[in-house]
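# Coordinate inspection notes
Residues per chain, in single letters:
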Amino acid sequence: MFRTVLVANRGEIALRVMRTCRELGLRCVAVYSEADRDAPHVAYADDAFLIGPPSPAESYLNIDAIIRAAKATGAEAIHPGYGFLAENASFVRAVTAAGLIFIGPPAEAMERMGGKTAARREATAAGVPVVPGVLEPVTDAAEVRRLGKEFGYPIAIKAVGGGGGRGLRVVRSPEEVDEAFAAARREAEVAFKNGELYVEKYLDDPRHIEIQVLADRYGNAVALGERDCSVQRRHQKLIEECPSPALTPELRAEMGAAAVRLAKAVGYISAGTLEFLYQDGRYYFLEMNTRIQVEHTVTEMVYGIDLVAAQIRIAQGEKLWFKQEDVVPRGHAIECRINAEDPLHNFRPALGTIGEYREPVGFGVRVDSGVHAYYTVPSHYDSLLAKLITWGSDRQEAIARMRRALAEYRIEGVTTIIPFHQAALEHPVFTAGAATVNFIPRHPELFSRAAELTPPTAASARAEPAPEPRRFTVEVNGRRFGVAVFGDGTNATPVASPSRSAPAHRATPKKTTLAAPVDAVISPIQGRVVAVRVAHGQQVEAGQVLFIVEAMKMENEITAPHSGTIAEVRVEVGTTVEAGAMLAMYQNPANNTNGK
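Cut-offs applied
- Residues numbered from 1 in each chain as written.
- Predicted model: local features only at pLDDT ≥ 70, side-chain atom pairs only at ≥ 80, totals over all residues.
- Heavy atoms only, no water.
- Helix = DSSP H or I, 4+ residues; strand = E, 2+ residues; numbered from the N terminus.
- Buried < 20%, exposed > 50% of the residue type's maximum accessible area, 1.4 Å probe, protein only.
- Contact = heavy atoms within 4.5 Å.
- Core = buried A, V, L, I, M, F, W, Y, C linked by side-chain atoms within 4.5 Å.
- Disulfide = S-S within 2.5 Å.
- Salt bridge = Lys/Arg side-chain N within 4 Å of Asp/Glu carboxyl O.

Each helix and strand in the protein was counted, giving 16 helices and 33 strands. Within the protein, the proportion of its 596 residues that are buried is 56%. Considering only residue pairs separated by 6 or more positions, the protein has 65% of its internal contacts joining residues 24 or more positions apart.

What follows deals with the side chain of Gln 316. Tracing the backbone shows Gln 316 in the loop between α11 (307-315) and β14 (332-339). Gln 316 sits in the buried class, given a relative accessible area of 18%. Excluding residues that lie within four positions of it along the chain, Gln 316 makes contacts with Met 1, Phe 2 and Leu 26.

Moving on, we come to the environment of Val 476. With respect to the element layout, Val 476 can be found in strand β23 (residues 470-476). Note on Val 476: relative accessible area 43%, which makes it partly exposed.

Okay, the nonpolar core next. Counting 110 residues, the largest nonpolar core has Leu 6 and Ile 78 as its most contacted members. Leave out the neighbours within four places in its chain, and Leu 6 touches Val 29, Val 31, Ile 66, Ala 69, Ala 70, Thr 73, Ala 75, Ala 77, Ile 78 and His 79. Membership of the second largest hydrophobic core comes to 28 residues, among which are Ala 119, Ala 123, Phe 276 and Phe 285.

Covalent bonding between the sulfur atoms of two cysteines is what defines a disulfide. For the structure shown, the criterion picks out zero disulfides. This cysteine, Cys 28, is not joined by any disulfide, and Cys 21 carries the nearest cysteine sulfur, 5.7 Å off. Cys 229 takes part in no disulfide bond, and the closest cysteine sulfur to it belongs to Cys 242, at a distance of 9.6 Å. Note on Cys 229: relative accessible area 0%, which makes it buried.

Quick look at the pattern of salt bridges now. Counted under the stated rule, the structure contains 45 salt bridges. Two residues, Arg 401 and Glu 397, come together in a salt bridge whose shortest N-O distance is 3.4 Å. With a gap of four residues between them, Arg 401 and Glu 397 both fall in helix α12 (residues 395-408), about one helical turn apart. By relative accessible area, which is 29% here, Glu 397 ends up partly exposed. With a closest N to O distance of 2.3 Å, Glu 412 and Arg 410 form a salt bridge. Each of Glu 210, Arg 227, Lys 237, Glu 240, Glu 275, Glu 295 and Arg 337 takes part in salt bridges that share partners, so that together they form one network.

Just geometry here; none of it tells us what the structure is for.
Here is the structure:
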C-alpha cells in the first residue's frame, strides 16, 4: 500500500489525477518546470518540486530529476499521466529500481505493446487484424520508398514510440518521402526521445475507433466500450464520443473481445487503449496506448467508472471488482478539446495570457482544465488548455448540451478552437454521425462558419483581479512553501532565478521594424526554428515553405508571403523566435541593379 503519489506530468491531467488521489485519501506531489511555477497543478498539490528548465527534455522527460523529486518528497508511487514518460519502459524500470510503484503497466507489457511495431507483431500472433505494414522499424528514406512501391501509395510514416499524431506523416508519392521521413523522425525525437519510425498502408477514409480495457495483475481483464475519435486535425483528435454512432452491438462486442484477448496475451495490467481503424465494415488494429488517454473522460461518463481510481486501486494490488457482464453503458458522452490554437490559420498555436476565464456549468457538463484567469500559456508544451465533456441520455441530447456549454465557455486573451467546435457540432455530417477522419479536410465550410462564430477581439487592457488575501509561495532548494499574505498586497509571482541564462539564439523583432513596413518573412508564432529551407540570394515563390517553427509540440510551416529574392536569412536551426520576428528579408527591387 502507498499513501503518497507523485504525478509526473502537468496541466489538466496532473490535476485530474490529483483530485482522484484526494478522494482516495492519498497525498499528492507535483513536479514542475521553471515555466510552470504558477501552474494550477502546482498550487493544488500537497507538495511540489522543481525539476528543471522549461524544455521538456530537461524537466518532464528528465527521469533522474523525477526520481529525485519522489525521494525528496516521500512519494511511494508515481502516476505518469499521458504523454512525456507515460509509455517509456526505461522510466518504469527506473521507478521500480528506486523502490517505488509505477501506476500503470509493467515495463515488459509496455515494451510488447507500447512500441508500435512490437504491438503489430503481438496483434498478429493473437489473431487480431492489422493494417498492412511492416513489423520492424525502417532505417532510412530509401526503405520507405521501397515499401511505398510494395504497399501502394498513400502510406503512413509513424513513430514507434508514441502517438497523438506526433511523428506521423502521410506520404502520397515517392517525391514526398525524404522530407516526410526527416520531419517525422525529428518530431518523434522531440516528443518521445525515440526517433524510430515504421510504415503502414494509409487507409483513405476510415473512422478512428478505440477500445478501453482495464486489467488487474491476476489475469482478469474487461473492455469498457469504445470511443469514436474520427474528428482530427494533423492526425490529432479534437472531438471524441462514446459510444460510436457507427458500431452495432454485435461489432462492439467483437472488437471488445479482440482487445481483451490481446491485452491478456501480453500480460497487460492497468488501464490501456487499443486503437483501430474502421472502414467498409472491417476493423484493423492500429496501436495500443499503454496509459490513460486524454479522452478517457467520455468512457467514465457513460460507464460510471473512475479510470484513474481504477489504475490506483490495481496498483495497490486489488483484484478487478467487476466482470464483463457488469459493464453496461448509459447514455452518450462527447468531449471537445479546448486548444490554444487558431483554427482560421491552420490550427497554428496561439500563445498569450488569459484574461477573463469562466467555465460552463450545469447538469451533464464536466470541465477538466489546467488553466485559470490571468494564466500565461507557455510555448514549451502542447496546446491543450482544457477538456469540455457533456453527457446526455442519447447522442442528440449530448450534442445539444455541448452546444450550450461551448456558447457559455468564456476564455479571453487567447485564441481557442471553441468557434470551430461550435461549427462542427452543428454541421449536418457530424450530427448525422457520419464523420470520418476526413471530416475537416472535406468540409472547408467549417472554417467560414467558425469565422462567423468567432467573437470580436476584446480590448487588450484587462482589469486586474481585485486584491484579496492569497497564498504566497516561496521556493527554497526546489521545494515550495506556502505563506499567507493579507491586505491589499501585490501579485506575488515567483521570478525565475537570474542565474539562468536566456536561451541561445533568441531572435526578437528589431525596434526599427515599428517605424515603417518592411518586406520580410515574419513568424506568426513564438517557437523554435527546426528547419531552414531558404538561403541568401534565393528566388522564392509565393506559398513556398521557407521555415519550420516548432511550437507547442507541433511543427508549423512558414511560407513566403510573395515571390521575390531573399536578401538575408536572419535565423538558423535552433533559434528561438518571438511572434512577429523577422526570419528573412526580401531584396529591395530598387537596389537590385548595382546598388549596395
